[in-house]
Every structure is written in structure tokens, then in C-alpha cells.
Amino acid sequence: MELAINGGKPVRKDFLPYGLHWIEQDDIDGLVDTLKSVWLTTGPKTLKFEEEFRNYVGSNYAIALNSATAALHVSLLALGIKQGDEVITTPMTFCATSNAALYLGAKPVFIDIQPDTLNIDPKKIEEKITKRTKAIIPVHYAGHPCDMDEIYTIAKKHNLFVIEDAAHAVWSLYKGKKIGSLYGTDATCFSFHPVKNMTSGEGGMITTDNGLIADKSFKLRLHGITKDAWKRFGAKVSGDYEMTDLGFKYNMPDIQASLGLSQLRKLEKFEISRTKIAEFYNSELANVPGIELLKCRDYVRHAYHIYVIKIKPEDLSIDRDTFIKALNAENIGTSVHYRLVYLHPYYQSLGYKKGLCPIAEDISSRIITIPLFPKMSEKDAKDVVTTIKKIANFYKK
Ligand SMILES: *Cc1c(COP(=O)(O)O)cnc(C)c1O
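Residues numbered from 1 in each chain as written. Predicted model: local features only at pLDDT ≥ 70, side-chain atom pairs only at ≥ 80, totals over all residues. Heavy atoms only, no water.

Novice: When you look at the overall build of the protein in this model, what are you seeing that I'm missing?
Specialist: Broken down by element type, the protein carries 13 helices and 13 strands. The C-alpha radius of gyration computed for the protein amounts to 22 Å, which stays within 12% of the reference 21 Å derived for 397 residues, consistent with globular compactness. Projected onto its principal axes, the C-alpha coordinates of the protein cover approximately 70 × 55 × 40 Å. Looking at the 397 residues of the protein, the share that counts as buried comes to 56%. Counting only contacts in the protein whose residues sit at least 6 apart along the sequence, the fraction spanning at least 24 positions is 75%. (Helix = DSSP H or I, 4+ residues; strand = E, 2+ residues; numbered from the N terminus. Rg over C-alpha atoms; globule rule 2.2 N^0.38 Å. Buried < 20%, exposed > 50% of the residue type's maximum accessible area, 1.4 Å probe, protein only. Contact = heavy atoms within 4.5 Å.)

Dropping the structure here:
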């Protein structure tokens, strides 16, 4: 079969995206119910979403915001991160993770990754700790939890906060415990962007066991005022509030929360489907020439937010970018998670240099995210496998 990139017939007629949300009638009914109610912004639906989310995670508090970016920003601010502080994180992430530190004038310090999970390598953290280091932000890449025992041991020894970026990890378990409920966590940040494991259109959540951090986060998400509009409305006293901190307009409206609620109730269904497809890929792609798969530790439950393959350039006559073009020509959607944060022009302008994290740099040039979303059919998944095999076999050395 000739490859589509060389003029052949594509494996699929219609384009298969790499990720997609799944909205059903119950999501629509919940949203309509909110739209017909007297309350659209942060109110009863948001309170309910926070309650069900903290029950799900097993944390003492949950604070809903309009994005995970806002959640990261507020968490760092609530923990007192400020100008001149250093914050340790991974470069294999979306720029939101380290941007949150930059918002506060703190400096992101990037640590190299483990080549098999693409998570931050705990063995490389301590050598980068200085007197200015205040926090570690591990990112549970693709939904595979980081080595949290090692990370928390280092944090405790050096008196650092741990803010978990759990944008991919709403379903993940680390040694049987939900991400967001480990070690009396300082703060864990979740995302409900449409491409994530569940969606509220846009949205984020902080979970914490610390009442002080929760109080500060509730205030900072809405201008730093002492009572949100719902409480003021409930108390039927207008103007009864004080602004005590310089906060932000980061609250989650009830329109988003109602979608978050119906999606959270279906998370298990979504994840059963994601896991089934991922396991199909794990077995079907295990021995394809020029393709390497990521590893999954036996003490975690993977949330499979994304499915990432690594190209082995020594075994193929094409590079990653050409492999992507060949997949796209067959109507298979792709993405790259991630182009390293510090290689973006803005970070380069701050003085970060190529060569900082050599393993991450090498892997970042070899990875491809292939389609994985819960609504995908068995045929969709088979098309992906067929296409990867077709391209890899054609170009194998
Ligand atoms: C998506 C994502 C974010 C940001 O989430 P938003 O809700 O879009 O702000 C942060 N970190 C990681 C790792 C992400 O994938």
C-alpha cells in the first residue's frame, strides 16, 4: 500500500483528532438547568462541584477556578512564593506550569526527566536546590504519577512546598492513593480544559488539606474579598464585604461548574475507555520497528490523558516531523507534548540555554502524541495502529 504522503490512498477518509471531549444529553440538561436558574456565576453549582470533587479526591478542601493556570498562580501566591524565589519543575510540560512562577517574579529551575516515564527525575532535584528554593512543582506527565515518595522526602528535608500539577492526573493513583490526597498535600492543581480527562469547558481546581491555604485561595480567586457574591446574595446584604488582599478574577461560574459536575460523575466511564485503548496500543505497538513506548510503573494507575510514542531515529530513514506529516496525510491527528518550555522564545529571552536538560531535549525531538479520547471507537484505534505500522515498515532502515 502506497503511503498517502507519497500519493497513495489515506487509511481514513475522515480526520481523527488526537483528543476530543465527550458531551452527552446529561451534560446538556445540567447546563440548561443552570441557564434557567437565577444564578450563572459562582454559586450553588460551584459549591456542589467543589463538594463532589473533594469527596472524589479525598482532600479536605477543593477550590474551583476558571483554569488550572489560575489554580497554579493562586496556589503559589497562597503559599507565599515571591520575587527572587526559585521554584523547581520539569521542562516537559505546558508553559502554564512555570509561567505561574514567573507571574510572581520567581525563577523556574528546570530539572531533567526520566527517559521512560518523561516525569521529573527526583535524583536530579537536590543538586539544583539553593537557599532561594521554595517549592517543587511536579507534573504527572500524561497521567502517570511522578515518584512522589522521593519528591516529598526531598521537600521535607529542605523545607520546600510541593504544588502538584495534576492537569493530566484526575484519575491517577500513586501506590493506591488518589493524586490530590498524598501526604497532606500543600496544593494540587487540576484542569478541565476540553482536551483533558474531563471538562467544564474551561476550568481548574485546587485541592488541599491545609485550611489556611484553602482560605487564602478562596479569597485570591475573587479579588481578595472576604465574601463571594453568592454568600453576599445569600445573606441578602449588599456591600457587606472587605478587600484584604490583591486577588484576581479567577472564579469558576456555575455555567462551567454544572458541566464539571456531570462530567465528574462519568469520569470512570471515560477512563475505562481511555485505558482500554491505551492497553490496545501498548500491545499492538510494542514491536513496531523504530517505535518505542513509554513505561508504566506497577505501583501507579495511569490516567492516560495522552498517549505518546517515541521515534528511534537510528532505526528509521525519516525524522519525527516527517513521521507526523505522514500520519496527518493518512488522516491521523497528532500533537507534540511537549516542545520544552525553556526552548520557547520568551524563555530563551530570559536567558535559559539549550543543553540545560539533555535527556528532555533529545526526547522532545522524538515524541508524537497519537489519538486517544474516550469516545474513540475500536475501529479508530485499529486505524491508528495500522497507519503507524504502515509508515514505520515503509521507512525502517
Ligand atoms: C493544560 C495544562 C495546564 C493548564 O491548564 P488550563 O486549565 O488550560 O489553564 C497546566 N499544566 C499542564 C501540564 C497542562 O497540561
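Novice: Whenever I open this one, the site of the ligand confuses me. Can you help?
Specialist: Inspection of the region around the ligand gives 16 residues, with T69, D165, H168, S191 and K196 positioned closest. Between T69 and the ligand, the recorded distance is 2.5 Å, taken from a side-chain N or O atom to an oxygen atom. Side-chain polar atom of D165 to a nitrogen atom of the ligand: 2.8 Å apart, as the coordinates give it. According to the grid-proximity analysis, the pocket containing the ligand is the largest pocket. Elements with a contribution of two residues or more to the shell around the ligand: helix 3 (68-78) and helix 4 (96-103). Residues belonging to the shell around the ligand are distributed by class as follows: six nonpolar, eight polar and two charged. (Near = heavy atom within 4 Å. Polar contact = N/O pair within 3.5 Å; in protein donor to acceptor, adjacent residues only side chain to side chain. 1 Å grid on protein atoms, 1.4 Å probe; cavity = no way out; pocket = protein on both sides within 12 Å on 5 of 7 lines; lining within 4 Å. Sits in = over half its atoms within 2 Å of the grid points. Nonpolar A, V, L, I, M, F, W, Y, C, P; charged D, E, K, R; others polar.)

Novice: Sorry if this is basic, but what is going on with the nonpolar core here?
Specialist: As a rule of thumb, nonpolar side chains are buried together in soluble globular proteins. Core analysis: the biggest nonpolar cluster contains 39 residues, and F49, F53 and I125 have the highest contact counts within it. Those elements that place two or more of their residues in this core are helix 2 (44-57), strand 1 (61-65), helix 5 (148-158) and helix 8 (254-264). Examining the composition of this core, we find that five residues originate from one element, helix 5, more than from any other. Each residue touching I125, except ones within four places of it in the same chain, is listed here: I88, I111, I120, I136, I151 and I154. In terms of nonpolar packing, the next biggest core, distinct from the first, is built from 32 residues, I291, Y304, F373 and V384 among them. (Core = buried A, V, L, I, M, F, W, Y, C linked by side-chain atoms within 4.5 Å.)

Novice: Help me understand the environment of E164, please; the structure alone is not making it clear to me.
Specialist: Relative to the helices and strands, E164 is located in strand 5 (residues 161-165). Considering only alpha carbons, one finds E164 and W39, 125 residues apart in sequence, at a separation of 32 Å. Apart from residues lying up to four places away in sequence, E164 is in contact with P138, H140, M148, Y152, I179, G180, L182, T185, A187, T188 and C189. Within the structure, the side chain of E164 is placed 3.1 Å from the side chain of Y152, a separation counted as a polar contact.

Novice: Explain the sheet that holds strand 10 (residues 291-293) to me, please; I cannot follow it from the model alone.
Specialist: Strand pairing within a sheet occurs via backbone hydrogen bonds; the two strands may be parallel or antiparallel. In space, the three strands of this open sheet follow the order 10-12-13, with antiparallel pairing throughout. The open sheet is flanked by strand 10 and strand 13 (367-370), the only strands paired with a single partner. For this sheet, the mean angle separating the axes of adjacent strands, direction not counted, is 40°. Pairing between strand 10 and strand 12 (residues 307-311): three bridges, direction antiparallel. (Pairing = 2+ DSSP bridges. Axes fitted to C-alpha atoms, helices over the stretch in contact; angles between N-to-C directions.)

Novice: In this structure, what is going on with the pattern of salt bridges? I would like to understand it.
Specialist: Note on pairing: side chains with opposite charge can pair once their charged atoms come close. Under the definition given, this model contains 27 salt bridges. For D85, the salt bridge goes to K82, with nearest N and O atoms at 3.6 Å. By relative accessible area, D85 is classed as buried at 4%. K82 sits in the partly exposed class, given a relative accessible area of 45%. Residues participating in the shared-partner salt-bridge network are R12, D14, K379, D380 and D383. (Salt bridge = Lys/Arg side-chain N within 4 Å of Asp/Glu carboxyl O.)

Novice: For this particular structure, what's the right way to read helix 10 (residues 320-329)?
Specialist: Spacing of three or four residues puts side chains on the same side of an α-helix, whose turn is 3.6 residues. Regarding helix 10, the residues found buried are R320, F323, I324, A326 and L327. The buried residues of helix 10 occupy an angular sector of 160° when projected down its axis, which confines them to one face. On the buried face of helix 10, the contacting elements are strand 10, strand 12, helix 12 (358-364), strand 13 and helix 13 (378-395). With its phi angle positive at about 70°, N331 sits one or two positions after the end of helix 10. (Arc of directions from axis to C-beta.)

Novice: What's the story with the packing of aromatic side chains in this structure? I'm lost.
Specialist: The way to describe two aromatic rings as a pair is by their centre distance and the angle between their planes. This model, assessed by the stated rule, comprises 18 aromatic pairs. Here F53 and F192 contribute two aromatic rings whose centre-to-centre distance is 5.6 Å and whose plane-to-plane angle is 75°, an arrangement assigned as edge-to-face. Note that F53 is positioned in helix 2 and F192 in the loop between strand 8 (187-191) and strand 9 (204-208), a separation of 139 residues in sequence. A relative accessible area of 0% places F53 in the buried class. Judged by centre distance (5.0 Å) and plane angle (65°), the ring pair of Y281 and Y307 falls under edge-to-face. (Phe/Tyr/Trp six-rings, centres within 6.5 Å; stacked < 30°, edge-to-face > 60°.)

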